[in-house]
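Structural characterization, general
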Amino acid sequence: MPKTDNGPSPLATSNEAAGATDEAPDGYDFKGATFDLNDPGDRDILCFILSQALFGEATGVYCGRSLYSARSLEAARFYTRQARQELGHLQLFADVFRELGLTPQPPHWVIRLLSAHNNYYPLKVLMEHAIGEGMVLDIFKDLLLQTLPDSDPRVPSIKKKLRVVVREEAEHVAWGEKETAAMLEEKPWLRAPFMGLVDLQLSTLPLLVSRLRGTRPDHPVLSQLAPFVEHVRERVKRQSRRLGFYPERDAPRWQRGLAMAAGTALFARSQLARSRSLLDKNYLRELGFDTSTRGQ
Ligand SMILES: [Fe+2]
Ligand SMILES: [Fe+2]
């Protein structure tokens, strides 16, 4: 099972994973910069970030839909467990809003786009789990856990909740990477469209942070958004290289253009894809029965 770049090993015990600190040794270092939870401007920014997280968790619950197309008992167990965890995250973020006295806002259109359900399994495990939840983990682990001020009496309880979410999101990313690797082994032709889709997904990041940047250039956290986004982009590229579909050196523009076109075509085709059930065909083998001796 591959190790994630942005979290504890998926094979780590929950205690090891829970031991993750706010320093995020392989993550972005905000160098002690924090938000002020009593400043109206800072509260507005945090409300925006948390509102995106809340919407993402609400759509995360629908991973339960993947049960229908689960290709193994292991996958069925994972999606059942994940749906319960995402439901828990949704409640935890709602509690955070209440603790901070904030009211959730509607999601940004980029988050709506990135959270859209995909019926084509190879795209789902790459875009939603490996890459999408990987970036969610960057926000929770690197941004929120570091920049919420420990001096505020509300923060220890909020960070306790966030650490639970971070530990479980790391498991979701690890699952996405494992399934992505299996899909690439089965269908090596997915490498080019996957590369193009990751480039397209990375190109949406500046659109998302443009809402936060610019108005307060001297803010200790906001002034670091550009290097933070660059850090996320580089981490996703390393993750994609480790999964074997992204070039070691930046590809020439024509190659990236072709990959993006292939990715767009695959995404368009995936919108017409229908989920196929598999467990009703392979449940006997999955349960360990010898189907070659049928009728005896
Ligand atoms: Fe979640
Ligand atoms: Fe998740």
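For clarity, every value in this text was computed on a predicted model and none was experimentally measured.

On a plain count of helices and strands, the protein chain comes out with 11 helices and 0 strands. Reading the protein chain from its N terminus to its C terminus gives the helix and strand order α-α-α-α-α-α-α-α-α-α-α. A total of 296 residues make up the protein chain; the buried ones form 49% of that total. Of the contacts formed within the protein chain by residues at least 6 apart in sequence, a portion of 83% connects residues at least 24 apart. Total accessible area on the protein chain stands at roughly 14,700 Å², and carbon and sulfur atoms take up 57% of it.

Glancing now at the confidence of the model for the protein chain. Interpretation of this model should avoid reading the predicted coordinates in detail wherever pLDDT is low. With 89% of its residues at a pLDDT of 70 or more, the protein chain has an overall mean of 86. In the model, residues 7-24 has pLDDT below 50 throughout and makes 24 contacts with residues more than four positions away in sequence or in other chains.

Before going further, it helps to examine the packing of aromatic side chains. Per the counting criterion, the structure on display carries 8 aromatic pairs. Clustering of aromatic rings is evident, with ring pairs tying together Y28, F30 and F228.

Within the largest apolar cluster, 70 residues are counted, with the highest numbers of intra-cluster contacts made by I49, L50, F93, F194, V198 and F245. Looking at this core, the elements with two or more residues in it are α2 (40-60), α3 (73-100), α5 (121-147), α6 (155-186), α7 (191-203), α8 (205-209), α9 (225-243) and α10 (253-270). Of the residues forming this core, the biggest block, 12 residues, is contributed by α5. When neighbours within four sequence positions are excluded, L50 is seen to be in contact with F93, V96, F97, L100, L102 and L144.

Distances from the iron ion (ligand 1) to its protein donors, namely E57 (OE), E57 (OE), E86 (OE), H89 (ND1) and E169 (OE), fall within the range 1.8 to 2.8 Å. Of note, the donors binding the iron ion (ligand 1) are all from one chain and are spaced E-x28-E-x2-H-x79-E. Separating the iron ion (ligand 1) from the iron ion (ligand 2) is a gap of 3.3 Å, which E86 spans by donating to each of them. Of the two residues, E57 sits in helix α2 while E86 sits in helix α3, which places them 29 residues apart along the sequence. The class for E57 is buried, based on a relative accessible area of 3%.

Attention now moves to a nonpolar patch on the surface. Nonpolar side chains collect at one region of the surface, where Y283, L284, L287 and F289 lie side by side and expose about 400 Å² of accessible area between them. Examined against the element boundaries, L284 turns out to sit in helix α11 (residues 279-286).

A word on the coordination of the iron ion (ligand 2). Think of it this way: four donors in a tetrahedron around the metal ideally sit 109.5 degrees apart, and six in an octahedron ideally sit 90 or 180 degrees apart. The protein atoms donating to the iron ion (ligand 2) are E86 (OE), E133 (OE), E169 (OE) and H172 (ND1), with metal-donor distances spanning 1.9 to 2.2 Å. Coordination at the iron ion (ligand 2) is irregular, judged from the 4 donor atoms that bind it and the angles of 91 to 156 degrees they form at the metal. Positions of the donor residues of the iron ion (ligand 2), expressed as sequence spacing, correspond to E-x46-E-x35-E-x2-H. Using a relative accessible area of 9% as the deciding quantity, one classes E133 as buried.

The next subject is the pattern of salt bridges. If you walk through the whole model with that rule in mind, you get 17 salt bridges. For R71, the salt bridge is made with E179, and the minimal N-O distance between the two is 3.1 Å. One end of the pair, R71, is in the loop between α2 and α3; the other, E179, is in helix α6, with 108 residues separating them in the sequence. By relative accessible area, which is 26% here, R71 ends up partly exposed. Since its relative accessible area comes to 4%, E179 is described here as buried.

Now for the packing of α6 against α9. Relative to each other, α6 and α9 sit at 45 degrees, their axes nearing to 10 Å. In this view, α6 runs oblique relative to α9, as classed from their interaxial angle. Along the contact surface, α6 presents V173, E177, T180 and L184, while α9 presents Q239, R242 and L243. Its residues placed into classes, the contact of α6 with α9 shows 3 nonpolar, 2 polar and 2 charged.

Quick notes on the rules
Residues numbered from 1 in each chain as written. Chains lettered and ligands numbered in written order. Predicted model: local features only at pLDDT ≥ 70, side-chain atom pairs only at ≥ 80, totals over all residues. Heavy atoms only, no water. Helix = DSSP H or I, 4+ residues; strand = E, 2+ residues; numbered from the N terminus. Buried < 20%, exposed > 50% of the residue type's maximum accessible area, 1.4 Å probe, protein only. Contact = heavy atoms within 4.5 Å. Areas by Shrake-Rupley, 256 points an atom, 1.4 Å probe, with all protein chains shown as cover. pLDDT = per-residue confidence, 0-100. Phe/Tyr/Trp six-rings, centres within 6.5 Å; stacked < 30°, edge-to-face > 60°. Core = buried A, V, L, I, M, F, W, Y, C linked by side-chain atoms within 4.5 Å. Donors = N, O, S within 2.8 Å, 3.2 Å for Na, K, Ca; no water. Patch = residues over 30% accessible without salt bridge, like charges linked within 9 Å, V, L, I, M, F, W, Y side chains within 5 Å. Salt bridge = Lys/Arg side-chain N within 4 Å of Asp/Glu carboxyl O. Tetrahedral: all angles 85-135°; square planar, octahedral: opposite > 155°, others 65-115°. Axes fitted to C-alpha atoms, helices over the stretch in contact; angles between N-to-C directions. Parallel < 35°, antiparallel > 145°, perpendicular 65-115°, else oblique. Nonpolar A, V, L, I, M, F, W, Y, C, P; charged D, E, K, R; others polar.

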